Amino acid sequence: MSQAAMTTQTLSQPAQIAKTDLAALLLRAAMGVLFLAHAGLKIFVFTPAGTVGYFAGLGLPALLAYAVILAELFGGIALLLGIWTRWVSLALLPILLGSIYVPHGAKGFLFSNPGGGWEFPAFWAVALVVQALLGGGAYALKKDNA
């Protein structure tokens, strides 16, 4: 084996770990910001009362609107900080799956469709599964159990 091949082989494992940790951080940060943005939209733009009215108009219980707002708010913070990343990612998954079923599922696939299709929530759901598989990474405040 050549010297270059041995050096590459020796350095590949730590380099791969570093890339995985960076990937976990970037994914956590992006999703954390998006969840906080969605919580902020429900709190400051639509208002909690307006969000409850929207959920009720979809035939969903009013209490679910508050649960979603709190989950997006605290889940976004937990993802940004890297606290219980695997569990938080899995706990947020029903919100995205629920948004595919109601209200986006009947609007078609493309999110650019009137009323928004299920393309974006489906991608976001997959990203949550990937995050759960990756864990929080080395830059998380609270490490996940493997």
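These numbers were taken from a predicted model, which means no experiment stands behind them. (Residues numbered from 1 in each chain as written. Predicted model: local features only at pLDDT ≥ 70, side-chain atom pairs only at ≥ 80, totals over all residues. Heavy atoms only, no water.)

**Looking at the overall build of the protein chain**
Part 1 of the argument: Assigned secondary structure in the protein chain consists of 5 helices and 0 strands.
Part 2 of the argument: What you see for the protein chain is a C-alpha radius of gyration of 19 Å, clearly larger than the 15 Å of a compact globule of 146 residues, by over 25%.
Part 3 of the argument: Seen through its principal axes, the protein chain has C-alpha atoms that stretch 65 × 30 × 25 Å.
Part 4 of the argument: Within the span of the protein chain, comprising 146 residues, buried residues form 32% of the whole.
Part 5 of the argument: In the protein chain, 64% of the contacts between residues at least 6 apart in sequence involve partners at least 24 apart. (Helix = DSSP H or I, 4+ residues; strand = E, 2+ residues; numbered from the N terminus. Rg over C-alpha atoms; globule rule 2.2 N^0.38 Å. Buried < 20%, exposed > 50% of the residue type's maximum accessible area, 1.4 Å probe, protein only. Contact = heavy atoms within 4.5 Å.)

**Details of a nonpolar patch on the surface**
Part 1 of the argument: A cluster of nonpolar residues, V33, L70, F74, I77, L80, L81 and L141, forms a patch on the protein surface that exposes about 640 Å² of accessible area.
Part 2 of the argument: Of all the elements, helix α3 (residues 62–81) adds the most residues to the nonpolar patch, at 5 residues.
Part 3 of the argument: Tracing the chain through its elements places L141 in the segment after α5 (119–134).
Part 4 of the argument: A residue is classified by how much of its surface remains accessible, and L141, at 64% relative accessible area, is exposed. (Patch = residues over 30% accessible without salt bridge, like charges linked within 9 Å, V, L, I, M, F, W, Y side chains within 5 Å. Areas by Shrake-Rupley, 256 points an atom, 1.4 Å probe, with all protein chains shown as cover. Salt bridge = Lys/Arg side-chain N within 4 Å of Asp/Glu carboxyl O.)

**Details of the pattern of salt bridges**
Part 1 of the argument: For the structure on display, the rule yields 1 salt bridge.
Part 2 of the argument: Across the pair E72 and K42 runs a salt bridge, and its minimum N-O distance is 3.1 Å. Of this pair, E72 sits in helix α3 while K42 sits in helix α1 (residues 3–45); the two residues are 30 residues apart in sequence, bridging distant segments of the chain. Across the pair, K42 and E72 agree in class, each one buried.

**Description of the confidence of the model for the protein chain**
Part 1 of the argument: Predicted confidence across the protein chain gives a mean pLDDT of 91, with 91% of residues reaching 70 or more.
Part 2 of the argument: Here α1 stands out as the element of the protein chain with the lowest mean pLDDT, 85, in contrast to α3, whose mean of 98 is the highest. (pLDDT = per-residue confidence, 0-100.)

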